[in-house]
Amino acid sequence: MTKRDPYHHKERWEAWKARNINGIKGISKHNSDILLSYLTDMELGKNVSPVSRKGERSYIRLNSLKARMRLFAEYFGKNLDQLTKDDIHNFFYNMRNGTLRRKDGKLYQAVGEYVKDFKAFWSWLRRTGRTNSDIALDLRRSDDRKPAWVYLTEEEIKTLANQANSDYRALIWLMYDTGMRVTEAYSIRVCDFAKDFTQLNIQKEYAKTFGRIIKLKLCHSVIREFVKFHKLGPNDFIFIKKPNTFNKYLRTLAKTIFGSSESPARKPYDKMRLYDIRHNACCYWLKRYPTITGLMYRMGWSEEKEVKYYSEFLGQADSIDDEHMVITEEKNIYEKDIELLKKDREKTNELVTELIKEIADLRTSLKNEIQGKPSCSMEIVPAYSVGLPCQSSL
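Everything numeric in this text was worked out from a predicted model, so none of it was measured.

Reading guide: rules and limits
- Residues numbered from 1 in each chain as written.
- Predicted model: local features only at pLDDT ≥ 70, side-chain atom pairs only at ≥ 80, totals over all residues.
- Heavy atoms only, no water.
- Helix = DSSP H or I, 4+ residues; strand = E, 2+ residues; numbered from the N terminus.
- Contact = heavy atoms within 4.5 Å.
- Areas by Shrake-Rupley, 256 points an atom, 1.4 Å probe, with all protein chains shown as cover.
- 1 Å grid on protein atoms, 1.4 Å probe; cavity = no way out; pocket = protein on both sides within 12 Å on 5 of 7 lines; lining within 4 Å.
- Points joined across faces, edges and corners; volume = space filled by probe spheres on them.
- Buried < 20%, exposed > 50% of the residue type's maximum accessible area, 1.4 Å probe, protein only.
- Pairing = 2+ DSSP bridges.
- Expected span 1.5 Å × (residues − 1).
- Polar contact = N/O pair within 3.5 Å; in protein donor to acceptor, adjacent residues only side chain to side chain.
- Lys, Arg positive; Asp, Glu negative; His and termini not counted.
- Salt bridge = Lys/Arg side-chain N within 4 Å of Asp/Glu carboxyl O.
- Phe/Tyr/Trp six-rings, centres within 6.5 Å; stacked < 30°, edge-to-face > 60°.
- Axes fitted to C-alpha atoms, helices over the stretch in contact; angles between N-to-C directions.
- Parallel < 35°, antiparallel > 145°, perpendicular 65-115°, else oblique.
- Left-handed = near helix turned anticlockwise from the far one by under 90°.
- Nonpolar A, V, L, I, M, F, W, Y, C, P; charged D, E, K, R; others polar.

### Looking at the overall build of the chain
Helix and strand counts for the chain stand at 14 helices and three strands. For the chain, restricting intrachain contacts to residue pairs at least 6 apart in sequence, the fraction spanning at least 24 positions comes to 63%. A total accessible area of about 24400 Å² is found for the chain, and carbon and sulfur atoms account for 52% of it.

### Re the side chain of Gln199
Looking at where Gln199 falls in the secondary structure, it is placed in strand E2 (residues 199-202). Residues contacting Gln199, with those up to four places away along its chain left out, are Asp192, Phe193, Ala194, Ile213, Ile214 and Leu216.

### Focus: empty space enclosed by the protein
The tally for this structure, following the rule as stated, stands at one cavity of 30 Å³ or more. Counted as a void, the largest cavity has a volume near 40 Å³. Along the walls of the largest cavity sit Tyr151, Leu152, Thr153, Glu154, Tyr176, Asn280, Cys283, Tyr284 and Lys287, which together make up its complete lining. For the lining of the largest cavity, the element with the highest residue contribution is helix H11 (residues 274-286), accounting for three residues.

### Focus: the pairing of strand E3 (residues 212-215)
Here E3 shows a buried face lined by Arg212 and Ile214 and an unburied face lined by Ile213 and Lys215. Note that E2 and E3 share four bridges and pair antiparallel. If you follow Ile202 over to E3, its bridge partner there is Arg212.

### Observations concerning helix H7 (residues 166-178)
In this model, H7 (13 residues) spans 18 Å end to end at C-alpha, consistent with the 18 Å of a helix rising 1.5 Å per residue. By the N-cap criterion, in which a side-chain oxygen at the helix start approaches the backbone nitrogen of a residue two or three places on, H7 is capped by Asn165, the distance to Asp167 being 3.1 Å. Looking one or two places after H7, you find Gly179, whose phi comes out positive at around 70°.

### A look at the side chain of Asp192
With respect to the secondary-structure elements, Asp192 resides in the loop between helix H8 (182-185) and strand E1 (193-194). The side chain of Asp192 sits in the buried core without any salt bridge; Arg189 is the nearest counter-charge, 5.8 Å away. With residues up to four places along the chain from it excluded, the contact list for Asp192 reads Ser187, Gln199, Leu200, Asn201, Gln203 and Tyr206.

### Points about the sheet that holds E1
One open sheet accounts for three strands, arranged E1-E2-E3; its pairing is antiparallel. The open sheet has two edge strands with one neighbour each: E1 and E3. With two bridges joining them, E1 and E2 adopt antiparallel strand pairing. Considered in E2, the bridge of Phe193 is made with Leu200.

### Some thoughts on the packing of aromatic side chains
The full count for this structure, using the stated rule, is 32 aromatic pairs. Pairing Phe72 with Phe118 gives two aromatic rings, centres 5.4 Å apart and planes at 85°, and the pair type is edge-to-face. One end of the pair, Phe72, is in helix H3 (residues 59-76); the other, Phe118, is in helix H5 (residues 111-127), with 46 residues separating them in the sequence. Where Phe121 meets Trp124, the ring centres are 6.3 Å apart and the plane angle is 20°; that geometry is what we call stacked. Of the two residues, Phe121 and Trp124 both sit in helix H5, three residues apart, roughly one turn of that helix. Take Phe121 and Trp124: they sit in the same class, and that class is buried.

### As for the packing of helix H1 (residues 9-19) against H3
Following both chains from N to C, one finds H1 and H3 inclined at 45°, their axes separated by 8 Å at the closest point. With respect to H3, the element H1 is oriented oblique. For the pair H1 and H3, the crossing hand works out as left-handed. Facing His9, Lys10, Arg12, Trp13, Glu14 and Trp16 of H1, the residues of H3 in contact are Tyr59, Ile60, Leu62, Asn63 and Lys66. Residues of the contact of H1 with H3, tallied by class, amount to five nonpolar, two polar and four charged.

See below:
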């Protein structure tokens, strides 16, 4: 199975390379040669950082890198391998405080991602012998600002899906149930479903991190009917709507239902897109998985930092209870001990019941004996018993 490319990342990358094969237009030849060499190495997986993932970079990553590398070259107007620590620190300071803005006048978002890319580029310059200095050492990646997205409650997700037309409704529920990335979702075929659409195989060939088989708990009947209605074959893609069309539909629908105000995750409702459904799926499943390992597997996460972000967003960063402190092995032992205690109590109750019955029988027997043949012991008898017939038991 090959990975589908709904956003045409490969096509855009190949077209850009063809246009700039003799040099990147608008920047100096020196910087153009450096950037083309860097991007070629990233495309081939050469001279990558020893601590980063090995292998070729994706077309998504390459398109992002080329845009940011060009920004650096255009802004500084000098040889990139001769930048100083002051140059780069002032650049990111101005980007963060809003002095440096995008071409459309808007503020730069996620400045930490630009820092990450520059640090990777500068490390490549050092590994390939183009510079010896480390001007990026003190740059901070953290912006202390989380990404903005459209948050919907579980009831609001139901409202959104139920008011969508049937085709979009099925795919919204599939995204919400699986929590797939958009690029993963657009590579799913009918043959990837199993067990009457209650199980989905996100194959490693088109997964961003790793392949995984997940159980569908919310959408299996809807998807079954969706496939049947459209008469989709085993090799047909399940997502038949283009992502741009889907995103436009979501924005219109969300605006109609919720308006254009800002959602709790700081992004306006009328700016909703497909990836926001994955964000909301993370929140939904975070509340239901007993361990973060299971959640990480479903969402295709390799690191726990994503779990931490959504936990903080939902106010669950410090919600651990005493019962959560008991590990599975200890819990099993405690459950066995409790079961034994229950059985012991049942036996004790049976013994007590039998004893009470025996005591009752004995009292009845004694009462009958006294009424038939009175007797008393040789003990001191209270004054009110004087004069009663008595026979020694001796």
